[in-house]
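Understanding the architecture of this molecule
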Amino acid sequence: MAGYEYVSPEQLAGFDKYKYSAVDTNPLSLYVMHPFWNTIVKVFPTWLAPNLITFSGFLLVVFNFLLMAYFDPDFYASAPGHKHVPDWVWIVVGILNFVAYTLDGVDGKQARRTNSSTPLGELFDHGLDSWSCVYFVVTVYSIFGRGSTGVSVFVLYLLLWVVLFSFILSHWEKYNTGILFLPWGYDISQVTISFVYIVTAVVGVEAWYEPFLFNFLYRDLFTSMIIGCALCVTLPMSLLNFFRSYKNNTLKHNSIYEAVVPLFSPCLLFILSTAWILWSPSDILELHPRVFYFMVGTAFANSTCQLIVCQMSSTRCPTLNWLLVPLFLVVLVVNLGVASYVESILLYTLTTAFTLAHIHYGVRVVKLYLSKRFKIKKPKRF
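Predicted model, so just to flag it, every value in this text is computed and none were measured. (Residues numbered from 1 in each chain as written. Predicted model: local features only at pLDDT ≥ 70, side-chain atom pairs only at ≥ 80, totals over all residues. Heavy atoms only, no water.)

Under the counting rule described, the total for this entry stands at 34 aromatic pairs. Each ring, one from Trp 37 and one from Tyr 101, has its centre 5.4 Å from the other, and the planes form 75°; the classification is edge-to-face. Here the residue Trp 37 occupies a position in helix 2 (residues 27–40), and Tyr 101 occupies one in helix 4 (residues 87–113), the gap between them amounting to 64 residues. Taking relative accessible area as the criterion, Tyr 101 reaches 1% and is therefore assigned buried. Positioned above the aromatic ring of Phe 65 is the side chain of Arg 290, whose terminal nitrogen or guanidinium carbon lies 5.4 Å from the ring centre. (Phe/Tyr/Trp six-rings, centres within 6.5 Å; stacked < 30°, edge-to-face > 60°. Helix = DSSP H or I, 4+ residues; strand = E, 2+ residues; numbered from the N terminus. Buried < 20%, exposed > 50% of the residue type's maximum accessible area, 1.4 Å probe, protein only. Lys NZ or Arg CZ within 6 Å of the ring centre and 35° of its normal.)

The end-to-end C-alpha distance of helix 2 is 19 Å, a good match for the 20 Å that 14 residues give at a rise of 1.5 Å each. Helix geometry: helix 2 is bent most strongly at Met 33, by close to 40°, with proline Pro 35 lying one to four residues after it. If you follow the buried residues of helix 2, they end up packed against helix 4 and helix 7 (184–203). Sitting at the amino-terminal end of helix 2 is Asn 26, which places a side-chain oxygen 3.1 Å from the backbone nitrogen of Leu 28. (Expected span 1.5 Å × (residues − 1). Bend = angle between axes of the 7 residues up to and from the residue. Contact = heavy atoms within 4.5 Å. Polar contact = N/O pair within 3.5 Å; in protein donor to acceptor, adjacent residues only side chain to side chain.)

Turning our eyes to something else, we now look at unusual backbone geometry. Backbone geometry places Phe 214, a non-glycine residue, at a positive phi of 55°. Located in the positive-phi region is Asp 283, a residue other than glycine, with phi close to 55°. Its location among the elements puts Asp 283 in the loop between helix 10 (264–279) and helix 11 (284–287). Under the relative-accessibility criterion, Asp 283 is labelled partly exposed at 39%.

It is worth spelling out the side chain of His 253 at this point. With respect to the element layout, His 253 can be found in the loop between helix 8 (218–247) and helix 9 (256–260). Residue classification places His 253 among the buried residues on the basis of a relative accessible area of 17%. Here Tyr 175 takes part through its backbone oxygen, which lies 3.3 Å from a polar atom of the side chain of His 253.

Between side chains of opposite charge, a pair can form as their charged atoms come close. This structure, assessed with the given rule, holds four salt bridges. Between Arg 146 and Glu 286 there is a salt bridge whose closest N-O contact spans 2.8 Å. Placement of Arg 146 in the loop between helix 5 (119–141) and helix 6 (153–177) and of Glu 286 in helix 11 is noted, with a sequence separation of 140 residues between them. You can call Arg 146 buried: its relative accessible area is 6%. Residue Glu 286 is classed as partly exposed on the basis of its relative accessible area, which comes to 37%. Close ionic contact of Glu 258 with Arg 316 constitutes a salt bridge, the shortest N to O distance being 2.9 Å. Of this pair, Glu 258 sits in helix 9 while Arg 316 sits in the loop between helix 12 (289–313) and helix 13 (324–336); the two residues are 58 residues apart in sequence, bridging distant segments of the chain. (Salt bridge = Lys/Arg side-chain N within 4 Å of Asp/Glu carboxyl O.)

What follows deals with the state of the cysteines. Note on terminology: disulfide describes a covalent bond linking the sulfur atoms of two cysteines. This model, assessed by the stated rule, comprises zero disulfides. Between Cys 305, a cysteine without a disulfide, and Cys 133, which holds the nearest cysteine sulfur, the sulfur-to-sulfur distance is 11 Å. The structure places no disulfide on Cys 310, whose sulfur is separated from the nearest cysteine sulfur, that of Cys 317, by 4.7 Å. (Disulfide = S-S within 2.5 Å.)

It is worth spelling out the packing of helix 2 against helix 4 at this point. Geometry of a packed helix pair, given as the angle between the helix axes and the separation of the axes. Where helix 2 meets helix 4, the closest approach of the two axes is 9 Å, and the angle between their N-to-C directions is 75°. Relative to helix 4, helix 2 is oriented roughly perpendicular. In this structure, helix 2 contributes Met 33, His 34, Phe 36, Trp 37, Asn 38 and Ile 40 to the contact, and helix 4 contributes Phe 98, Tyr 101, Thr 102, Gly 105, Val 106 and Lys 109. Residues of the contact of helix 2 with helix 4, tallied by class, amount to seven nonpolar, four polar and one charged. (Axes fitted to C-alpha atoms, helices over the stretch in contact; angles between N-to-C directions. Parallel < 35°, antiparallel > 145°, perpendicular 65-115°, else oblique. Nonpolar A, V, L, I, M, F, W, Y, C, P; charged D, E, K, R; others polar.)

Put into structure tokens, the structure is as follows:
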């Protein structure tokens with residue numbers, strides 16, 4: 001891993017020609033959030049680096065994840081008869097979630113305000129966003145949790161994948177059309193969930209036990225909103241944008257195969273992780289749901305980052321992510337039958353390896369970009 005070159009000279013050269021192109025048509029974003037962010041960004045001093053704003057927002061999302069993991073480690077805290085998450089935690093999580101969302105909205109404005117926009121800034125921003133998906137979804141899960149009044153860990157696993165595929169669709173669009181069409185679901189979900197966190201602190205988790213309408217529970221509303229947004233908004237808009245680019249003869253890839261290559265790794269990740277769940281002798285998802293979600297989300301983020309690098313440098317996306325190789329081997333071993341403690345060790349080991357590999361990938365990409373931009377030469381060996 002240490003000797004593996006994550007970014008090719010061709011990709012580094014492609015960064016020099018890159019120009020940001022995005023379209024945001026969400027009314028909430030255009031008429032509410034952007035005016036708000038334009039006001040907020042003026043508070044920041046001009047010496048504050050946009051990437052620091054980006055990273056600060058990401059750390060708040062991670063902090064929320066860890067805070068909720070402490071008070072609700074197994075997702076039973078919201079179930080009847082269990083010790084609930086303290087009200088002040090919901091308030092903190094709600095405020096920090098909105099602050100993180102705000103920082104994600106102003107980092108680009110700070111870059112343009114200080115004339116410091118770079119391809120690295122966009123890669124850093126969207127790369128961290130791809131990793132934030134799992135933190136965000138898993139933290140939200142604690143509102144309902146599992147049990148008789150909640151959502152099963154497998155249903156949440158499927159909902160996580162709905163969110164992950166919704167995220168990568170936008171970057172798949174850009175890989176093929178050259179334009180990033182910002183998804184509507186992101187802004188709506190961030191504002192809504194921040195509000196729901198605060199409401200939970202006021203009314204208590206017991207309020208979500210009651211039917212929303214007739215026998216339609218709030219947990220069902222939660223599930224329906226995620227699936228409905230993906231199937232009725234995100235997917236149709238992505239396909240429409242792709243079709244328009246095809247009609248206008250502006251697609252960057254001529255063959256269907258090349259167009260869908262970026263989706264191979266995420267799809268294989270879904271197949272392998274689902275196979276592990278179904279074949280698990282110890283019911284690994286029920287045993288360690290939080291760790292399993294994190295493992296999947298981290299592997300997904302790594303594949304997405306590779307896609308973002310390729311779309312920004314106008315190079316071909318790798319067919320498969322090498323992180324899937326150890327996952328395939330683990331699934332193969334699990335299918336042969338292993339003791340419960342061995343399977344748990346495999347999960348924790350794989351999760352640790354994925355996390356270290358992803359961080360190493362990010363650090364190496366940043367170093368390679370900066371070394372080229374500032375022409376940093378390696379010291380000669382004597």
